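# Structure assessment
Each chain is listed here by its residues.
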Amino acid sequence: MSQWHESNEEIDMENLRDEELKNRIMELNDNQLSNIKNLSYYYLIARTLKLIKSIENENILDGIDDEREKRIIFESFHTIINSFKKFHGYMEEEEIEEESNIILDTREELYNLKSALKAYEIEISYIKELVDHYSMKKMIVSEYENLDINRFSVSLLIDRIRTTLENTREYHSFTLIVSNILSILPFRMSKNRYFDVVRTTLLRNLGGLPLNVAKAQIEEYKKLFDSRLSGDYGITFDSFFVQIKRFRNMRLESKTEDELEDISKDIIKLIEEINRLSLFIKDLGIILNRLIIIYLDKTGFSKNDHIRDLYAKWKVYYEKRDENLLNDLMENCNGQIERLELELLERANDLEKLNKKLIGKLDSLDEDFNSKIIFTTKVLNYYNDLNFASKELLLADKFEMADNNYLFHLVDNLIQYMNRSISAMNNLERKLRMRRFLSSLQLPFENMEEFFSYIEYSLDGRVTAKEEIMFSLDMANFILDKYSTNTSDN
């Protein structure tokens, strides 16, 4: 039997009195906090060393043409290093608060940069989809124009999709199949019907979520549909904006296959450049999250002999850039992180069970107990934030739920945003954006029969060209082949 299971079985919760239950929770809570702080510290030792190397040796900032954004990133790097060094000295409460505010402000500036890059990633991906559309159009005419479509092909495909979904037990795979199929179908839906599907799906999917989480998700959906209307688009990272605008102004429909291929390569190069910078900023954000954690309880952080020794070696590397010392520190920290993560997982299971038991046994909890649990939740939010989320989402009140009226208002606001956006688009771009958004929703439509009806209508020869139908059939079967292979392997 694993140690994890043994630990869970050791807790005889039924026989614990209320006060004993609270004490047991606080003991586990304190252990978890200690592990998270130590994990954050070891992470900072390792990641700041790699960060120094990236900035100095890999010249990661050299590819940034925008001086303001380059300065923000470089100053963020210095904030991280300086704050980490300050952490090891004595600080008054006011100094700790001031330094924490500097870290939080730096995090906000970097988040704004990441958000702008995300907008450019979305918009250049739509242009890439337009290029692919024109390339595909030239290809499918030559490949399918002399072939005849089997009149039973659409029915056979729907039966195959139905069977694949019925045999898919894992929820994530189920939703992914639906999403992938929708992403390759010709978009055939009226605007009113489309907005009805979007409204119904979002009201279902966002129901029961905390208010701030629902609001943040709606903002993400707005960016996904059209990022050009977001505040920093065209202002932050102006060089990317100029390049994307150049691609957008191209008359793609008049380009040859070779010209489209060259344009596609240039777009991929730009996407890689944006992604590289976005990942680097995300890494900086995660480092700042760990700095926030150790500063949240600086006075309670225990600097044992091992930690003091690590920091002494860190300072030597910072001053001398000794590569052997770097490797030694990385290996040491990675080993500690692996050990503490196992302990964290083991204790988390126990803590969850005790918390559930406490909720069932006590009508009210004292203020001190509540404040400690809330503090741990705050620390965990920063620790678990591996995608560098907005502060609004991180600090969301999980108990303030969105009521149905407000949720309807949020969804309606999104639909109005989408409606304004598509009014300025040509027919092709409108269809591509509406299709991608539909495929991004978690199980759109009221039920699976509506989904199958939509497939049938999208592949109806009366509304869709023969060549496009045949191409979509091949793409759909290719997707299903992959899932059939995975199912048979399992």
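Figured I'd write up the structure that's included with this text. Keep in mind the model is a prediction, meaning the values are calculated, not measured.

## Some words on the overall build of the protein
Looking only at helices and strands, the protein has 18 helices and zero strands in total. Reported as C-alpha extents along the three principal axes, the dimensions of the protein are approximately 75 × 60 × 45 Å. The 490 residues of the protein split such that 46% are buried. In the protein, once contacts between residues fewer than 6 apart in sequence are set aside, the share between residues at least 24 apart is 88%. Counting only carbon and sulfur atoms, one obtains 48% of the accessible surface of the protein, whose full area is about 25,900 Å². Between the averaged position of the 67 positive side-chain charges in the protein and that of its 89 negative side-chain charges there is a distance of 4 Å.

## With respect to helix 3 (residues 67-87)
Taking 1.5 Å of rise per residue, 21 residues should cover 30 Å, and helix 3 covers 30 Å from first to last C-alpha, within 8% of that figure. All of the buried residues in helix 3 are Glu-69, Ile-72, Ile-73, Ser-76, Phe-77, Thr-79, Ile-80, Ile-81, Ser-83, Phe-84 and Phe-87.

## Digging into the pattern of salt bridges
This structure, assessed with the given rule, holds 33 salt bridges. A salt bridge links Arg-68 to Glu-69; its shortest N-O distance comes to 2.8 Å. For Glu-69, a relative accessible area of 4% gives the class buried. Each of Glu-123, Asp-226, Arg-228, Arg-248, Glu-429 and Arg-433 takes part in one network of salt bridges that share partners.

## Re the packing of helix 7 (residues 191-206) against helix 15 (residues 404-422)
Orientation of helix 7 relative to helix 15, taken along the N-to-C sense of each, is 145 degrees, at an axis distance of 10 Å. Viewed along their axes, helix 7 and helix 15 form a crossing whose handedness is right-handed. From helix 7, Lys-191, Tyr-194, Phe-195, Val-198, Arg-199, Leu-202, Leu-203 and Leu-206 reach across to helix 15, where they touch Leu-407, Phe-408, Val-411, Asp-412, Leu-414, Ile-415, Met-418, Asn-419 and Ile-422. Here the residues of the contact of helix 7 with helix 15 sort into 13 nonpolar, one polar and three charged.

## Comments concerning the packing of aromatic side chains
Aromatic ring pairs are reported here in terms of the distance separating the ring centres and the angle at which the planes meet. Following the criterion strictly, the structure yields 22 aromatic pairs and no others. Through pairs of rings, three or more aromatic residues link up here, namely Tyr-41, Tyr-42, Phe-84, Phe-87, Tyr-295, Phe-301, Tyr-311, Trp-314 and Tyr-318. It is Arg-290 that lies over the ring of Tyr-43; its NZ or CZ is 4.4 Å from the centre. Taking the ring centre of Tyr-126 as reference, the NZ or CZ of Arg-433 above it sits at 4.0 Å.

## A word on the nonpolar core
The biggest cluster of nonpolar side chains holds 81 residues, and the ones touching the most others in it are Tyr-41, Ile-73, Phe-237, Ile-281 and Leu-291. Aside from chain neighbours lying at most four places away, what touches Leu-291 is Leu-44, Ile-80, Ser-83, Phe-84 and Ile-103. Residues Leu-410, Met-434, Phe-451 and Ile-479 belong to the second largest nonpolar core, which totals 52 residues.

## A look at unusual backbone geometry
Positive phi is not limited to glycine here, since Phe-388 has a value of about 60 degrees. With respect to the helices and strands, Phe-388 occurs in the loop between helix 13 (367-384) and helix 14 (391-394). A positive phi angle, near 50 degrees, is found at Leu-443, a position not held by glycine. Note on placement: Leu-443 falls in the loop between helix 16 (427-440) and helix 17 (448-458).

## Some thoughts on the environment of Ile-286
Here Ile-286 lies in helix 10 (residues 257-296). For Ile-286 and Gly-300, which are 14 residues apart along the polypeptide, the C-alpha to C-alpha distance reads 22 Å. Excluding residues within four positions of it along the chain, Ile-286 makes contact with Tyr-43, Asp-385 and Leu-386.

## A closer look at a negative patch on the surface
Negative charge collects at one region of the surface, where Glu-92, Glu-93, Glu-94, Glu-95, Glu-97 and Glu-98 lie side by side. With respect to the element layout, Glu-92 can be found in the loop between helix 3 and helix 4 (93-144).

## A few points about the side chain of Ser-227
In this fold, Ser-227 is placed in the loop between helix 8 (211-225) and helix 9 (238-248). Ignoring anything within four residues of it in the chain, the contact list for Ser-227 reads Ala-119, Ile-122, Glu-123, Lys-222 and Tyr-233.

## Topic: the environment of Asn-477
If you trace the backbone, Asn-477 turns up in helix 18 (residues 466-489). In this structure Asn-477 comes out as partly exposed when scored by relative accessible area, which is 26%. Sequence-wise, Asn-477 and Arg-160 are 317 residues apart; in three dimensions their C-alpha atoms are separated by 8.5 Å. Those residues within four positions of Asn-477 in sequence are excluded, and the remaining contacts are Leu-157 and Arg-160.

## Examining the layout of surface pockets
Any empty space left between atoms is shown by rolling a water-sized probe over those atoms. Volume-wise, the largest pocket comes out at about 1,000 Å³. Taken together, 37 residues make up the lining of the largest pocket; nearest its centre are Tyr-111, Ala-216, Glu-219, Glu-220 and Lys-223. For the lining of the largest pocket, the secondary-structure elements that each account for two or more residues are helix 4, helix 8, helix 14 and helix 15. The biggest single contributor to the lining of the largest pocket is helix 8, with 12 residues. Residue composition of the lining of the largest pocket, by class: 17 nonpolar, nine polar and 11 charged.

## Points about the packing of helix 8 against helix 15
At a closest axis distance of 10 Å, the pairing of helix 8 and helix 15 adopts a crossing angle of 10 degrees. One finds that helix 8 runs roughly parallel with respect to helix 15. Taking contact as the criterion, the partners of Leu-211, Ala-214, Lys-215, Ile-218, Tyr-221, Lys-222 and Phe-225 in helix 8 are, on helix 15, Tyr-406, Leu-407, Leu-410, Val-411, Asn-413, Leu-414, Tyr-417, Met-418, Ser-421 and Ile-422. Within the contact of helix 8 with helix 15, the residues separate by chemical class into 13 nonpolar, two polar and two charged.

## Concerning the side chain of Arg-107
Looking at the element boundaries, Arg-107 is found in helix 4. With a relative accessible area of 2%, Arg-107 lands in the buried category.

Cut-off values and rules
- Residues numbered from 1 in each chain as written.
- Predicted model: local features only at pLDDT ≥ 70, side-chain atom pairs only at ≥ 80, totals over all residues.
- Heavy atoms only, no water.
- Helix = DSSP H or I, 4+ residues; strand = E, 2+ residues; numbered from the N terminus.
- Buried < 20%, exposed > 50% of the residue type's maximum accessible area, 1.4 Å probe, protein only.
- Contact = heavy atoms within 4.5 Å.
- Areas by Shrake-Rupley, 256 points an atom, 1.4 Å probe, with all protein chains shown as cover.
- Lys, Arg positive; Asp, Glu negative; His and termini not counted.
- Charge placed at Lys NZ, Arg CZ, Asp CG, Glu CD.
- Expected span 1.5 Å × (residues − 1).
- Salt bridge = Lys/Arg side-chain N within 4 Å of Asp/Glu carboxyl O.
- Axes fitted to C-alpha atoms, helices over the stretch in contact; angles between N-to-C directions.
- Left-handed = near helix turned anticlockwise from the far one by under 90°.
- Nonpolar A, V, L, I, M, F, W, Y, C, P; charged D, E, K, R; others polar.
- Phe/Tyr/Trp six-rings, centres within 6.5 Å; stacked < 30°, edge-to-face > 60°.
- Lys NZ or Arg CZ within 6 Å of the ring centre and 35° of its normal.
- Core = buried A, V, L, I, M, F, W, Y, C linked by side-chain atoms within 4.5 Å.
- Patch = residues over 30% accessible without salt bridge, like charges linked within 9 Å, V, L, I, M, F, W, Y side chains within 5 Å.
- 1 Å grid on protein atoms, 1.4 Å probe; cavity = no way out; pocket = protein on both sides within 12 Å on 5 of 7 lines; lining within 4 Å.
- Points joined across faces, edges and corners; volume = space filled by probe spheres on them.
- Parallel < 35°, antiparallel > 145°, perpendicular 65-115°, else oblique.

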